Amino acid sequence: MDTKQILQYARSWVLEAGEDIRANINEPLQIDTKSTPDDLVTQMDQQTEKFFADKIRNQFPDHRIFSEEGMGDDISDLEGVVWIVDPIDGTMNFVHQQRNFAISIGVYEDGTGKIGLIYDVMNDVLYSAVKGEGAYKNGNRLPQLSTTEPLKRSIFSLNTTWLLEENTLVEASGIRELVKSLRSTRSYGSAALEFAFLAEGVLDGYVTMSLMPWDIAAGKVLVEEVGGVVTTGDNSPLSMMDRTSVCAARRNIHEETVENYINLKK
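Residue positions are given per chain, counted from 1 along the sequence in the order it is written. The model is predicted, so local features are restricted to residues of pLDDT at least 70 and side-chain atom pairs to those at 80 or more, both for listing and for counting; the totals for chains, interfaces and linings are taken over all residues. With hydrogens and water set aside, each side-chain value is computed from the structure's full complement of heavy atoms.

**Looking at the sheet that holds strand 12 (residues 205-211)**
Taken together, the 5 strands give an open sheet; going across it, the order is 11-10-12-14-13, and neighbouring strands pair in mixed fashion. Only two strands of the sheet have a single partner each, and these edge strands are strand 11 (184-186) and strand 13 (229-231). Strand-to-strand twist in this sheet, taken as the mean axis angle between neighbours without regard to direction, amounts to 15 degrees. Pairing between two strands requires that DSSP report at least two bridges joining them. Secondary structure elements follow DSSP: runs of H or I of four or more residues count as helices, runs of E of two or more count as strands, with numbering from the N terminus. As paired elements, strand 12 and strand 14 (residues 244-249) share 5 bridges and run antiparallel to each other. Pairing of Thr 208 across the sheet is with Val 246, part of strand 14. Note on geometry: axes are C-alpha line fits, over the in-contact stretch for helices, and angles between N-to-C directions span 0 to 180 degrees.

**Some thoughts on the packing of aromatic side chains**
Centres within 6.5 Å make a pair out of two Phe, Tyr or Trp rings, where for Trp the six-membered ring is used; the pair is then stacked when the planes are under 30 degrees apart, edge-to-face when over 60, and tilted otherwise. If you walk through the whole model with that rule in mind, you get 10 aromatic pairs. With a centroid separation of 5.7 Å and an interplanar angle of 90 degrees, the aromatic rings of Tyr 9 and Phe 60 are classed as edge-to-face. Placement of Tyr 9 in helix 1 (residues 3-23) and of Phe 60 in the loop between helix 2 (43-59) and strand 3 (64-67) is noted, with a sequence separation of 51 residues between them. A residue is classified by how much of its surface remains accessible, and Phe 60, at 7% relative accessible area, is buried. Between Phe 51 and Phe 52, the ring centres sit 5.3 Å apart and the planes meet at 75 degrees, which makes this aromatic pair edge-to-face. One aromatic cluster is present, built from ring pairs that chain together Tyr 9, Trp 13, Phe 60 and Trp 83. Summary of the burial criterion: residues with accessible area below 20% of their type's maximum are buried, those above 50% are exposed, and those between are partly exposed, where the area comes from a 1.4 Å probe applied to protein chains only.

**Structural notes on the sheet that holds strand 5 (residues 102-109)**
Taken in spatial order, the 7 strands make up an open sheet running 3-4-5-6-7-8-9, and their pairing is mixed. The sheet is open, and its two edges are formed by strand 3 and strand 9 (140-141), each paired on a single side. When strand 5 meets strand 6 (residues 112-120), the two strands line up antiparallel, connected through 8 bridges. Bridging from a neighbouring strand, Ile 103 pairs with Tyr 119 of strand 6. Contacts between helix 2 and the sheet are confined to strand 3, strand 4 (81-89) and strand 5, with strand 4 contributing the most and set at about 155 degrees to the helix. Contacting strand 3, strand 4, strand 5, strand 6, strand 7 (125-130) and strand 8 (135-137), helix 6 (residues 213-225) runs over the sheet at an angle of about 100 degrees to strand 6. It only takes one pair of heavy atoms within 4.5 Å for two residues to be counted as in contact.

**A word on the environment of Ser 76**
For Ser 76, the location among the structural elements is in the loop between strand 3 and strand 4. Separated by 163 residues in the primary sequence, Ser 76 and Ser 239 have C-alpha atoms spaced 12 Å apart.

**Focus on the nonpolar core**
With 39 residues, the main nonpolar core has Ile 84, Ile 118, Tyr 127, Phe 195, Met 240 and Val 246 as its most contacted residues. The dominant element in this core, judged by the number of residues it contributes, is helix 5 (residues 191-200), at 8 residues. Residue contacts for Val 246: discarding those within four places in its chain leaves Phe 195, Tyr 206, Val 207, Thr 208, Leu 211, Ile 216, Val 230, Thr 231, Thr 232, Gly 233 and Leu 238. By size, the runner-up hydrophobic cluster in this structure holds 30 residues, among which are Trp 13, Ala 17, Trp 83 and Val 95. The set of buried Ala, Val, Leu, Ile, Met, Phe, Trp, Tyr and Cys residues whose side-chain atoms join them within 4.5 Å is what this entry labels a nonpolar core.

**What to know about the packing of helix 5 against helix 6**
The relative placement of two packed helices comes down to the angle between their axes together with the axis-to-axis distance. Taken N-terminus to C-terminus, the directions of helix 5 and helix 6 make an angle of 0 degrees; their axes are 9 Å apart at the nearest point. Judged on the interaxial angle alone, helix 6 and helix 5 are roughly parallel. For the pair helix 5 and helix 6, the contacting residues are Ala 191, Ala 192, Phe 195, Leu 198 and Ala 199 in the first and Asp 215, Ile 216, Gly 219, Lys 220, Leu 222 and Val 223 in the second. Should an angle fall under 35 degrees it is taken as roughly parallel, and over 145 as roughly antiparallel, whereas 65 to 115 is taken as roughly perpendicular and any remaining angle as oblique.

**Overview of the pattern of salt bridges**
The working definition used for a salt bridge is a side-chain nitrogen of Lys or Arg within 4 Å of a carboxyl oxygen of Asp or Glu. Following the criterion strictly, the structure yields 10 salt bridges and no others. Residue Asp 73 is joined to Arg 57 by a salt bridge in which the shortest nitrogen-to-oxygen separation is 3.3 Å. With Asp 73 in the loop between strand 3 and strand 4 and Arg 57 in helix 2, this residue pair connects regions lying 16 residues apart in the sequence. For Arg 57, a relative accessible area of 35% translates into the label partly exposed. Where Glu 165 meets Arg 176, a salt bridge forms, and the shortest distance between an N and an O atom there is 2.6 Å. Placement of the pair is Glu 165 in the loop between strand 10 (155-157) and helix 4 (172-181) and Arg 176 in helix 4, with a sequence separation of 11 residues. Taking relative accessible area as the criterion, Arg 176 reaches 31% and is therefore assigned partly exposed.

Have a look at this one:
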């Protein structure tokens, strides 16, 4: 795998796709729903994914594509080189706010994340990482995350859904105790941006109970390159093939979070 070459192409395609989204941000949207009434998809999601699929297949015909909107391959494993693509992560924000959404691309080789790109489209901010070479924001290297600040001085991103007793995935009481133990919480509505902000150090942790591989693939590479830890909510390795819970945090508070506050429902 020629990482340098792939990164060069991926970066240029992400910036080109983002420019197209900005140019058409005020065009009328065709909005459909998928698994639930809140799971939105627009023609821009589909057009952007097709753009990436066409580019990848033309330039790298032996690579495979694992993606959200149906333009990818029928993926049952991560052997070889696989591009894991989310053309617009945060579609609800895209529809309602026209901001706080991102293009997310992870490039994996035999199941290992080698490249992560997260592009905050409306702010023209590109987060990038290559395994073993650090993480960057618009070309400027990001520092390693603190390993000394305690949980009580931390800001986590989490959705208020997990505070409700009615949720079916995690014991709400533990998440409420986590919130009490933190300095504060945020919720951005885009998993990709939440990973990027953690890698940047403006968040200290991110906890969620239901993400797909394309939500995670790029962010995992970014966060690990600055010394963060990314696992499931019960501290197991992430599956990059299935829907999963996630706890991503600075190294010194990760284990404390998963052991003391996250109790997944069976």
